[in-house]
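# Fold and contact review
Below, each chain spelled out in residue letters.
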Amino acid sequence: MRQFNPSHSRPETPNPASQLNSGQSPLLGGACEVRYGAGRMTAPVRVLVNGRAAHTCGDEAIPVAELVEAEVRAFFGDRLPELTNHLDIVFNITSNSSPGAVITDGSVPDRVRWFNPRSIEDLRERRVRLSNDTSLGTGWAPENPFESFVRELVDRFSGRSKFTLAHPWCGSDVKLMGYCDGELADVVLCVPQKSRFVSNRAEYVRNLEVVREECCRLAAAQLPDSEVRFRLNARDVPDRDELYLTHTGSSIESGDEGVVGRGNRVNGLITPLRPMNLEGANGKNPVYHVGKLYNIVAQRLAERLSNETGAHAEVHLVSLTGQRLDQPWRVLVRLTDDTADMDKVRALVTDALASFPAVTDELVANGIVLS
């Protein structure tokens, strides 16, 4: 293992994309009745909007609740349109400061201004970006063919694709577990169907065969040298009509709940036998949360190192709370190529750390898609 901790310093410039809020939205599943050819919600999905936000900046009011509600409804309208009119949005937003605001001699610590700014000059992140936590961001590259196949398979059935556009019965809450030893690949895949497009049990079964055919077609193209076996909708008991048949295309309609996961990584995969970081990237503030930013930068750096050296690359960025984002506490790089040019590696590391705060701009502009 080679370890690098490059000294890097540069002035920070104000960033117009700095945002004021930081929070998360746990989802509490609703209730639903599902029938062949029909379905309806019987209890709404509850969206708990938690966190901190600035409701004013000086004399200017910021309509936080209205902005958040519009974003929540737009998100569901895009991803789960059947739920758009069945949402119970609950706000728990404060303007409290984080720990460390000690008041002495009647003075007001700068920290309490973070979410109660008198002007944009009170927003420290416009002057310098500091890590919000001591944590770890990880990336590695390249993927093996099976990993790429797994992600593409899930995207084929859960996202906007030619398959889902041609088969509106295909729901989005796709679940997959895969194992591959190089010669044999085993895949357990669960793909929901939307009840209003499925008129009876036989049609459900036929649709499942369409899914299997698509799986086999993609496997033949991407894993031609491996035997690939599929087990679909493993909990189905067709003769008792116990099926992965949903009204919305998601199990959130029937009691499932969740918050930001620590499973999916920024490369779109859950890989417990690969290096894993400490954070889930989704739901975190894109300005200074290392759980989001360091994972993105580590993944990008690993991909670039792998492309430049032709080797397997692994990158770990370790933050230190309160210290500059572009100066991690530790930068750990592992390469399988012992002959790699270390000066070039150091240059690539330095270049990656110089990407703050541009990464924030990309995130705010929706230029980076997180799985």
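Residues numbered from 1 in each chain as written. Predicted model: local features only at pLDDT ≥ 70, side-chain atom pairs only at ≥ 80, totals over all residues. Heavy atoms only, no water.

### Re the nonpolar core
General note: in soluble globular proteins, nonpolar side chains tend to be found buried as a group. One finds Leu-305, Val-315, Leu-317, Val-333, Leu-335 and Val-345 to be the most contacted residues of the largest nonpolar core, which totals 31 residues. When contributions to this core are tallied by element, the ones reaching two or more residues are helix H5 (290-309), strand E17 (313-318), strand E18 (330-335), helix H6 (342-353) and helix H7 (358-364). Sort the elements by how many residues they give to this core and H5 lands first, with nine residues. With 30 residues, the next largest nonpolar core counts Trp-140, Phe-157, Phe-230 and Leu-232 among its residues. (Core = buried A, V, L, I, M, F, W, Y, C linked by side-chain atoms within 4.5 Å. Buried < 20%, exposed > 50% of the residue type's maximum accessible area, 1.4 Å probe, protein only. Helix = DSSP H or I, 4+ residues; strand = E, 2+ residues; numbered from the N terminus.)

### A short note on empty space enclosed by the protein
As enumerated under the stated definition, the model contains one cavity of 30 Å³ or more in all. As for the largest cavity, its lining consists of Thr-138, Gly-139, Trp-140, Arg-265, Val-266, Asn-267, Thr-271, Pro-275, Met-276, Asn-277 and Gln-299. Considering every element that reaches the lining of the largest cavity, the biggest residue donor is strand E10 (residues 136-141), with three residues. A per-class count over the lining of the largest cavity returns four nonpolar, six polar and one charged. (1 Å grid on protein atoms, 1.4 Å probe; cavity = no way out; pocket = protein on both sides within 12 Å on 5 of 7 lines; lining within 4 Å. Points joined across faces, edges and corners; volume = space filled by probe spheres on them. Nonpolar A, V, L, I, M, F, W, Y, C, P; charged D, E, K, R; others polar.)

### Quick look at the sheet that holds strand E14 (residues 227-232)
Spatially, three strands are ordered E11-E12-E14 in an open sheet, and the strand pairing comes out mixed. Across the chains shown, the open sheet's two edge strands, defined by having one partner strand only, are strand E11 (175-180) and E14. Adjacent strand axes in the sheet meet at a mean angle of 15°, parallel and antiparallel pairs treated alike. Two elements, strand E12 (residues 184-190) and E14, share six bridges in a ladder whose sense is parallel. Directly across from Val-187, in E14, lies its bridge partner Phe-230. Along the sheet face, helix H2 (residues 145-158) touches E11, E12 and E14 and points at about 25° away from the line of E12. (Pairing = 2+ DSSP bridges. Axes fitted to C-alpha atoms, helices over the stretch in contact; angles between N-to-C directions. Contact = heavy atoms within 4.5 Å.)

### Side note on H5
Given a rise of 1.5 Å per residue, 20 residues ought to cover 28 Å, and the 27 Å separating the end C-alpha atoms of H5 matches this to within 8%. The element H5 is extensively covered by neighbouring structure, given that 14 of its 20 residues are classed as buried. Backbone geometry just after H5 places Gly-310 at a positive phi near 75°. (Expected span 1.5 Å × (residues − 1).)

### A look at the layout of surface pockets
Put simply, the second largest pocket is a space of about 530 Å³. If you list the elements that add at least two residues to the lining of the second largest pocket, you get strand E4 (31-35) and strand E15 (245-246). It is E4 that contributes the most residues to the lining of the second largest pocket, three residues altogether. A class-by-class count of the residues in the lining of the second largest pocket yields eight nonpolar, four polar and seven charged.

### With respect to helix H1 (residues 64-79)
Taking 1.5 Å of rise per residue, 16 residues should cover 22 Å, and H1 covers 22 Å from first to last C-alpha, within 8% of that figure. The complete set of buried residues in H1 reads Val-64, Val-68, Val-72 and Phe-76. Viewed end-on, H1 has its buried residues packed into an arc of 85°, placing them on one side of the element. For H1, exposure combined with an orientation more than 90 degrees from the buried face picks out Glu-66 and Leu-67. Elements in contact with the buried residues of H1: strand E3 (27-28), strand E6 (45-52) and strand E9 (87-94). (Arc of directions from axis to C-beta.)

### Here's the deal with unusual backbone geometry
The omega angle of the peptide bond from Ala-141 to Pro-142 is 0°, so this bond is cis rather than trans. Tracing the backbone shows Pro-142 in the loop between E10 and H2. Of note, the phi angle at Asp-241 is positive, near 55°, even though the residue is not glycine. Looking at where Asp-241 falls in the secondary structure, it is placed in the loop between E14 and E15.

### Some remarks on the packing of H5 against H6
As a packed pair, H5 and H6 sit with axes 10 Å apart at the nearest point and diverge in direction by 150°. Considering the angle they form, H5 stands roughly antiparallel to H6. Considering only the axes of H5 and H6, their crossing is right-handed. Along its contact with H5, which presents Val-297, Leu-301, Arg-304, Leu-305 and Glu-308, the element H6 presents Lys-344, Val-345, Leu-348, Val-349, Asp-351 and Ala-352. A class-by-class count of the residues in the contact of H5 with H6 yields seven nonpolar, no polar and four charged. (Parallel < 35°, antiparallel > 145°, perpendicular 65-115°, else oblique. Left-handed = near helix turned anticlockwise from the far one by under 90°.)

### Looking at the pairing of E6
In this sheet, E6 lies alongside E3 in antiparallel orientation, the contact comprising two bridges. Looking across to E6, one finds that Leu-28 is bridged to Arg-46. Taken together, the eight bridges between E6 and E9 define a ladder with parallel strand orientation. Paired with Leu-48 across the strands is Val-90, a residue of E9.

### Points about the pattern of salt bridges
One pass over the full model with this rule turns up 26 salt bridges. Where Arg-35 meets Glu-33, a salt bridge forms, and the shortest distance between an N and an O atom there is 3.8 Å. Across the salt bridge formed by Asp-343 and Arg-346, the nearest N and O atoms sit 3.9 Å from each other. Of this pair, Asp-343 and Arg-346 both sit in helix H6, separated by three residues, roughly a single helical turn. Each of Glu-152, Arg-156, Glu-214 and Arg-217 takes part in one network of salt bridges that share partners. (Salt bridge = Lys/Arg side-chain N within 4 Å of Asp/Glu carboxyl O.)

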